[in-house]
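Summary of structural features
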Amino acid sequence: MSSRDTANVLWFDELHREDVNLVGGKSSSLGEMTSSMDVPVPFGFATTAHAYRYFMDATGLNDKVNALLQGIKDYENSDELHSACEQIRNLIVNAEMPADLADNIKQAYADLAKKVGQDDPFVAIRSSATAEDLPNASFAGQQESYLNIKGADDVVNRVQECYSSLFTDRATYYRHKQNFPYEKVALSAAVQMMVFSKASGIMFSVNVANGDDSKIVIDGIYGLGEYIVLGKVTPDHFVVDKDSLKIVEKNIIKQPVQLMRVADGGTVEQVVPDDLQGKQVLTDEQVIELAGYAKKIEAHYGCYMDMEYALDVNTNRLWIVQARPETVWSQRNKDKKKSDDGHVVAEADAEVAVRGLPASPGLSSGVVHVIDSPKDIDQFKQGEVLVTLMTSPDWVPAMKKAAAIVTNNGGMTCHAAIVSREMQIPCIVGTKSRNLAATDALKTGDVVTVDAKNGIVYRGKVASLLDKDKPAAGAAGQVVAAETFAPTATGVMMNLGDPELADKYSSLPADGIGLMREEFLWTTYIHEHPLYLIEQGHPEKVVNMLANGIAKVTRAMAPRPVVLRLSDFKSSEYRKLKGGDKYEPHEPADLLGWRGASRYYDPKYINAFKLELAAVKKVRNEFGLKNLNIMIPFVRTVDEAEKVTSIIRGEGLIRSADFKVYMMAEIPSNIILADKFNQFVDGYSIGSNDLAMLILGCDRNNDTVASLFDERNLAVKRAIRHLIAAAHKDGKTVSICGQAPSEYPEFTNFLIQSGIDYVSVNPDMVKETKRNVAHFEQRIILDKMTGRGLQDPTDYSWE
Ligand code: PEP
Ligand code: MG
């Protein structure tokens, strides 16, 4: 054994990527970049896996941990899992670290202080598990990080906390699911100099929206990166061409708030100063500098990489704070390449006619029609390949008919690129920049195959290529873009009914769950009235069953946010639960009766409401599923909002950066008094079902008036516009979870034009809505570019 194998501490500049067994993925990756590459990484050291094993042996914890893990009979039982994991974590945190190990760590911290010339420097301590960060086994985010740590004793304590974080409920559950034996897992703590971020973000060496590996994508926000992960602010988005390191796409977003670190170690949300809002978070030079690092890191590792960076407030220096293999596209593109290899001969035989920039992905074949002037576009036929110098708005009728578009000029943001992406037509632009203009290389009547993913036009019909893309063929014989989803400024969320479907639907490209109706948990798992269960002496049944059901969904969706809407049964529905008869009034119109918030503070129901909240606490605090947020339905008055939110707070659920309390906006009073409701919530979700009912006076369950029930009525739309404006005034978000956008896709266009932040739709509409949102957002940009103004001339103001 070399001395490295038995060292308790190793410095980053002694470490290499193959040292995963010594220090885990994260530390070895930080080490590799420090020791072998020219990229800026905050300096530090790592405690080793050997040190962890020594700690576990010397303290006698191994046997105890093994026994506790073996005692878990059912990993799906959150209570059982949690109880075992909690005991393990307590054992680890409370154990006495062997003195020689503690001394080694303290000495390394003292040496670090000397190296950087500061007494007791602030450090970040990050867990690095040996099962973590390996390609195809991304357990990312399941182990803790501690920031702003100072002083040798605290460093030692946090290292021990890192050890315990190997046994969070979630990490333990995942390892079990992945059959990853406990003995093979060890934990290293990376202790590195703090970067005090004024901006930070993530970058990938592959465009994660569509798998295009000729691009680097960089997202950036002001302050700490947590707000990207939490989705609290939408980051600036940059796309950089990997070859030329030129920025080819920029999407600058106004960011109202930032999370900043404070001196004592905590964090605080601050308003982004006016002069910075709407300004690029990173300068072009910084974007290019980062892209250069991304390119180097990818070349060094030989695979697509997922990286985090930070911009230091004091030095204005960029630092790479994390780099790990990207897992999704690495696999997908590898699979694709394998299948491509099966057709290599056919492709190799095909003659390349011209090359250009792949502006809108897809593959299509057809007969070329070269058109020089828009006055000739009426000669253009459906399914032909449009070849021209450049398009402009008056070309759109021909573009709509095209199987593919190829232009001489233009870059990724030119008219042809934007419009073809919007129409999902394969498009290659800028062929002239690749030496040969399309209008010279191709003539009317030529048959070609346009591979717009790779920017190549082949002569003839390359059947092998086209066959591969067949499932994506459009109705008119065109080939539409492959199933990739562009990032959108408006979040697309999913409404989830049946919790049993959470696993299945979690693979949909939704940004989270915008509405999880708690009623489904009662009817799926509990079946008994909460007040009846309380009377029977079993309130814990409510808490446990609710918590397990909620955990099923939040776990399936993690780390994406889930909004649980607290109970909104009507009395007739509650009555059907066992024992419900005794507690539920007979109401003439229960849609307008004892429902939603009105129950929560009522002495007759408040104890049951507290059980709902206890279940939420259990999921967040005990199961560690912090992606859970809540929503209050049917809040009739501001007074109700105040009462209910104060009960929520009183039960220990405090609104914060990572715990949101939303309110359904589904009663006209919610809209009219939005300015007054704002103070009690983080945002709203529009319940267009109830809202349309109550604005139009049209019972949503009454067939006789069904033809009059229409969320697209101007009165409803005006209400929605008003709400969004009033909410945004106070920095509150607005989503929608009623049926309107699922039923009428065009409604989403109205919502986007009105400035909505999220749209939550039924699972079967997620993909279509995701595409529609990208398309509608592009249309808005396009309308602005072409000066056409917004397409909808309706007057939505009501004042
Ligand atoms: C709504 O009212 O639009 C809504 C989503 O809630 P529910 O349909 O459950 O009343
Ligand atoms: Mg409703």
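Residues numbered from 1 in each chain as written. Chains lettered and ligands numbered in written order. Predicted model: local features only at pLDDT ≥ 70, side-chain atom pairs only at ≥ 80, totals over all residues. Heavy atoms only, no water.

For the chain, an unreviewed UniProt entry supplies the name Phosphoenolpyruvate synthase and the organism Lactiplantibacillus plajomi. The UniProt entry for the chain carries the following comment under Cofactor (unreviewed entry): "Mg(2+)". UniProt annotates the chain under Catalytic activity (unreviewed entry) with the comment "pyruvate + ATP + H2O = phosphoenolpyruvate + AMP + phosphate + 2 H(+)". (UniProt positions renumbered as here; feature names shortened; annotations may be inferred.)

1. Examining the overall build of the chain
Within the chain, the regular secondary structure consists of 31 helices and 29 strands. Split into buried and exposed, the 799 residues of the chain put 55% on the buried side. (Helix = DSSP H or I, 4+ residues; strand = E, 2+ residues; numbered from the N terminus. Buried < 20%, exposed > 50% of the residue type's maximum accessible area, 1.4 Å probe, protein only.)

2. Focus: the site of ligand 1
Contacts to ligand 1 come from 13 residues, most closely from R517, R565, G687, N689 and R700. Measuring from an oxygen atom of ligand 1, one finds a backbone N or O atom of G687 at 3.4 Å. A distance of 2.7 Å separates an oxygen atom of ligand 1 from a polar side-chain atom of R700. Alone, ligand 1 offers 290 Å² of accessible surface; in the complex the protein occludes 97% of this. Put simply, ligand 1 lies in the second largest pocket. (Near = heavy atom within 4 Å. Polar contact = N/O pair within 3.5 Å; in protein donor to acceptor, adjacent residues only side chain to side chain. Areas by Shrake-Rupley, 256 points an atom, 1.4 Å probe, with all protein chains shown as cover. 1 Å grid on protein atoms, 1.4 Å probe; cavity = no way out; pocket = protein on both sides within 12 Å on 5 of 7 lines; lining within 4 Å. Sits in = over half its atoms within 2 Å of the grid points.)

3. Notes on the side chain of K732
Assignment of secondary structure puts K732 in the loop between helix 28 (714–729) and strand 28 (733–736). Of the side chains with opposite charge, D682 lies nearest to the buried K732, which makes no salt bridge, at 5.3 Å. Side-chain polar atoms of K732 contact the backbone oxygen of N678, separated by 3.4 Å. Dropping the residues within four chain positions of it, K732 is found in contact with R655, N678, V681, D682, G683, Y684, A727 and D757. (Lys, Arg positive; Asp, Glu negative; His and termini not counted. Salt bridge = Lys/Arg side-chain N within 4 Å of Asp/Glu carboxyl O. Contact = heavy atoms within 4.5 Å.)

4. Quick word on the coordination of the magnesium ion (ligand 2)
The reference angle at a metal is 109.5 degrees if four donors form a tetrahedron and 90 or 180 degrees if six donors form an octahedron. For the magnesium ion (ligand 2), the full set of protein donor atoms is E666 (OE) and D690 (OD), and the range of their distances to it is 2.1 Å. In this pair, E666 sits in the loop between strand 26 (661–665) and helix 25 (668–672) while D690 sits in helix 27 (residues 688–696), placing the two residues 24 residues apart along the sequence. Across the pair, D690 and E666 agree in class, each one buried. (Donors = N, O, S within 2.8 Å, 3.2 Å for Na, K, Ca; no water.)

5. What about the packing of helix 23 (residues 606–622) against helix 24 (residues 638–650)?
When two helices pack together, you describe them by how their axes are tilted relative to each other and by the distance separating the axes. Contact geometry for helix 23 and helix 24: axes closest at 10 Å, N-to-C directions at 55°. By the criterion of interaxial angle, the relationship of helix 23 to helix 24 is oblique. Note that helix 23 runs across helix 24; the crossing there is right-handed. Residue-level contacts link I606, F609, K610 and L613 of helix 23 to V644, I647 and I648 of helix 24. Counted by class, the contact of helix 23 with helix 24 contains six nonpolar, no polar and one charged residues. (Axes fitted to C-alpha atoms, helices over the stretch in contact; angles between N-to-C directions. Parallel < 35°, antiparallel > 145°, perpendicular 65-115°, else oblique. Left-handed = near helix turned anticlockwise from the far one by under 90°. Nonpolar A, V, L, I, M, F, W, Y, C, P; charged D, E, K, R; others polar.)

6. Concerning the packing of aromatic side chains
Going through the model one piece at a time under the given rule, you end up with twelve aromatic pairs. Seen in terms of ring centroids, W11 and F43 are 5.7 Å apart; in terms of plane orientation they differ by 10°. Their pairing is stacked. Taken together, the residues W11 in strand 1 (residues 9–11) and F43 in the loop between helix 2 (20–36) and strand 2 (44–47) connect sequence positions 32 residues apart. A relative accessible area of 12% means that W11 is categorised as buried. (Phe/Tyr/Trp six-rings, centres within 6.5 Å; stacked < 30°, edge-to-face > 60°.)

7. With respect to unusual backbone geometry
Between A558 and P559 the backbone carries a cis peptide bond, its omega angle lying at 5°. Locating P559 in the fold gives a position in the loop between helix 20 (539–557) and strand 24 (562–565). A positive phi angle, close to 40°, is found at D120, a residue other than glycine. If you trace the backbone, D120 turns up in the loop between helix 6 (99–116) and strand 3 (123–129).

8. Examining the layout of surface pockets
Summary: where empty space remains is shown by rolling a probe the size of a single water molecule over the atoms. Considered as a void within the structure, the second largest pocket measures approximately 280 Å³ in volume. Forming the walls of the second largest pocket are 22 residues, and the residues nearest its centre are R517, E519, R565, D568 and K570. Its residues assigned to classes, the lining of the second largest pocket shows six nonpolar, five polar and eleven charged. Both of domain 4 (512–659) and domain 5 (662–799) provide at least three residues apiece to the lining of the second largest pocket. (Points joined across faces, edges and corners; volume = space filled by probe spheres on them. Domains from an automatic or database assignment.)

9. A few points about the side chain of E384
When you line up the elements, E384 lands in the loop between strand 16 (363–370) and strand 17 (385–388). Its relative accessible area of 11% is what places E384 among the buried residues. Separated by 2.8 Å, the side chain of E384 and the backbone nitrogen of K381 make a polar contact.

10. Digging into helix 24
Spanning 13 residues, helix 24 covers 18 Å between terminal C-alpha atoms, matching the ideal 18 Å at 1.5 Å per step. For helix 24, every residue scored as buried is listed here: V638, E640, A641, V644, T645, I647 and I648. Structurally, helix 24 contributes buried residues whose contacts are with helix 22 (597–600), helix 23, strand 25 (628–632), strand 26 and helix 26 (674–677). The positive-phi residue at the C-terminal boundary of helix 24 is G652, with phi of around 90°. (Expected span 1.5 Å × (residues − 1).)

11. Side note on the sheet that holds strand 8 (residues 236–241)
Hydrogen bonds along the backbone pair up the strands of a sheet, which may run parallel or antiparallel. Spatial ordering of the open sheet is given by 9-8-7-6-12-13, a layout of six strands whose pairing is antiparallel. The strands lining the two open edges of the sheet, one partner per strand, are strand 9 (247–251) and strand 13 (318–325). When the angles between neighbouring strand axes are averaged without regard to direction, this sheet yields 20°. As paired strands, strand 12 (residues 305–312) and strand 13 are joined by seven bridges and run antiparallel to one another. Directly across from M307, in strand 13, lies its bridge partner A323. (Pairing = 2+ DSSP bridges.)

12. Re the packing of helix 27 against helix 28
Interhelical geometry of helix 27 versus helix 28 gives an angle of 120° and a closest axis separation of 9 Å. Of the possible angle classes, the one that applies to helix 27 and helix 28 is oblique. The handedness of the crossing between helix 27 and helix 28 is right-handed. Across the interface between the two elements, L691, A692, I695 and L696 from helix 27 touch A715, V716, A719 and I720 from helix 28.

13. Looking at the sheet that holds strand 27 (residues 683–686)
What the eight strands build is an open sheet, ordered 28-27-26-25-24-23-22-29; its pairing is parallel. Of all strands in the sheet, those with a lone pairing partner are strand 28 and strand 29 (758–761), marking the two edges. Neighbour to neighbour, the strand axes of the sheet diverge by 30° on average, direction disregarded. Alignment of strand 26 against strand 27, held across four bridges, turns out to be parallel. By the bridge assignment, M663 is partnered in strand 27 with Y684.

14. Examining the nonpolar core
Within the largest apolar cluster, 90 residues are counted, with the highest numbers of intra-cluster contacts made by L564, F609, I630, I648, Y684, I686 and I720. Ranked by residue count, the leading element in this core is helix 20, at nine residues. Structurally, this core is a two-domain feature, drawing no fewer than three residues from each of domain 4 (512–659) and domain 5 (662–799). The residues contacting L564, other than those within four sequence positions of it, are M516, E518, L521, I550, V616, L628, N629, I630 and M631. The next biggest cluster of nonpolar side chains, apart from the first, holds 47 residues, and it includes L61, L69, A102 and Y182. (Core = buried A, V, L, I, M, F, W, Y, C linked by side-chain atoms within 4.5 Å.)

15. Notes on the confidence of the model for the chain
Interpretation of the predicted coordinates at a detailed level should be avoided for regions scoring low in pLDDT. Of all residues in the chain, 89% attain a pLDDT of 70 or more, and the chain-wide mean is 86. The low-confidence segment residues 132–142 (pLDDT under 50) makes 29 contacts with residues lying over four places distant or belonging to another chain. Predicted confidence is poor over residues 471–482, with pLDDT under 50, and the contacts of this stretch with residues over four places away or in other chains come to 21 contacts. (pLDDT = per-residue confidence, 0-100.)

16. Considering the environment of R599
Mapped onto the fold, R599 is located in helix 22. A sequence separation of 32 residues divides R599 from S567, and the C-alpha atoms of the two residues are 9.4 Å apart. Residues within four places of R599 in sequence aside, it is in contact with F569, K570, S571, Y574, E584, W594, Y605 and I606.

17. Concerning helix 23
Its 17 residues give helix 23 an end-to-end C-alpha distance of 23 Å, which sits within 8% of 24 Å, the value for a rise of 1.5 Å per residue. Among the residues of helix 23, those classed as buried are I606, A608, F609, L611, E612, L613, A615, V616, K618, V619 and R620. Remark: G624 follows helix 23 within two positions and exhibits a positive phi of approximately 75°.

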